[in-house]
Every structure is written in C-alpha cells, then in structure tokens.
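Letter by letter, the chains look like this.
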Amino acid sequence: MKLTYDWAAPAKLFFWPAEDGSEEEAVYPTLDDALKAAGEGDADHAWIITRDGDILNPRVIATLREQFEERRRKRDRSFSFRAWGRAA
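Keep in mind the model is a prediction, meaning the values are calculated, not measured.

> Quick question: what am I supposed to make of the overall build of the protein here?
Of the regular secondary structure elements, the protein holds two helices and four strands. In the protein, the succession of helices and strands from N to C terminus is β-β-α-β-β-α. Out of the 88 residues belonging to the protein, those deemed buried represent 24%. Once local pairs closer than 6 in sequence are excluded, the contacts in the protein between residues at least 24 apart make up 48%. For the protein, the accessible area works out to roughly 6100 Å², and carbon and sulfur atoms hold 54% of it.

Listed below in structure tokens is the structure:
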C-alpha cells in the first residue's frame, strides 16, 4: 500500500455514500487541507483523489491523518526546542 504522497499537491475530497444521497466534492489546495477537512466531516465516508489519481479510502485517510499529526507534532517540538535554545 502506497502511503507516500505529495502533501503539497491539490486533492479532491468527497463523501460517498453521502447521507443525503448527493455526491458533493471539493478541491483543496493541498492534501493536508483535504485530510483536515475529511476529519471534520463524516470520516467513515470520506474519499480523496490525489493529483496523481490515487484514490484514498477512509482507512487510508485515517492512516494519513495520523502521519500528518505526527509530522505536525515533530514540527512543533523542533520549533519549541530552537526557541528554547535561543533564549538560553
């Protein structure tokens, strides 16, 4: 299973099947943005299509959201360590 994607590339998010029967979709400027929006909606029905044409199902989206959160935590920790070093 491919779990490396271009995080900065546009991605299309849609929910299928949607509760109201519609198939609305939205294009986000980055995969990061689409993953965030997927978590704010009905995550069990979120699907993402990447710029490269990969179709990400809800299970893969959950895994990528975990990766995204881990990357964010690492960035936050490294930023705070640098700030601490400058203050010393």
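> So what exactly am I meant to see when it comes to the sheet that holds strand β1 (residues 11-15) here?
Across a sheet, strands are paired by hydrogen bonds formed along the backbone, either parallel or antiparallel in direction. Read across the open sheet, the four strands follow the order β2-β1-β3-β4; overall the sheet is antiparallel. Of all strands in the sheet, those bounded by a partner on one side alone are β2 (25-28) and β4 (55-56). Bridge analysis of strand β3 (residues 46-50) against β4 gives two bridges, and the strand direction is antiparallel. For I48, the partnering residue across the bridge sits in β4 and is L56. Sheet strands touched by helix α1 (residues 31-40): β1, β2, β3 and β4. Its angle to β1, the strand with the most contacts, is close to 15°.

> Just checking my understanding: could you explain the pattern of salt bridges for this structure?
Overall, the coordinates contain three salt bridges when judged by the stated rule. Among the salt bridges present, the one from D6 reaches R51, with a minimum N-O distance of 2.8 Å. Placement of the pair is D6 in the segment before β1 and R51 in the loop between β3 and β4, with a sequence separation of 45 residues. Classification of D6 as partly exposed rests on a relative accessible area of 36%. For E25, the salt bridge identified is with K12, shortest N-O distance 3.3 Å.

Rules and cut-offs
Residues numbered from 1 in each chain as written. Predicted model: local features only at pLDDT ≥ 70, side-chain atom pairs only at ≥ 80, totals over all residues. Heavy atoms only, no water. Helix = DSSP H or I, 4+ residues; strand = E, 2+ residues; numbered from the N terminus. Buried < 20%, exposed > 50% of the residue type's maximum accessible area, 1.4 Å probe, protein only. Contact = heavy atoms within 4.5 Å. Areas by Shrake-Rupley, 256 points an atom, 1.4 Å probe, with all protein chains shown as cover. Pairing = 2+ DSSP bridges. Axes fitted to C-alpha atoms, helices over the stretch in contact; angles between N-to-C directions. Salt bridge = Lys/Arg side-chain N within 4 Å of Asp/Glu carboxyl O.

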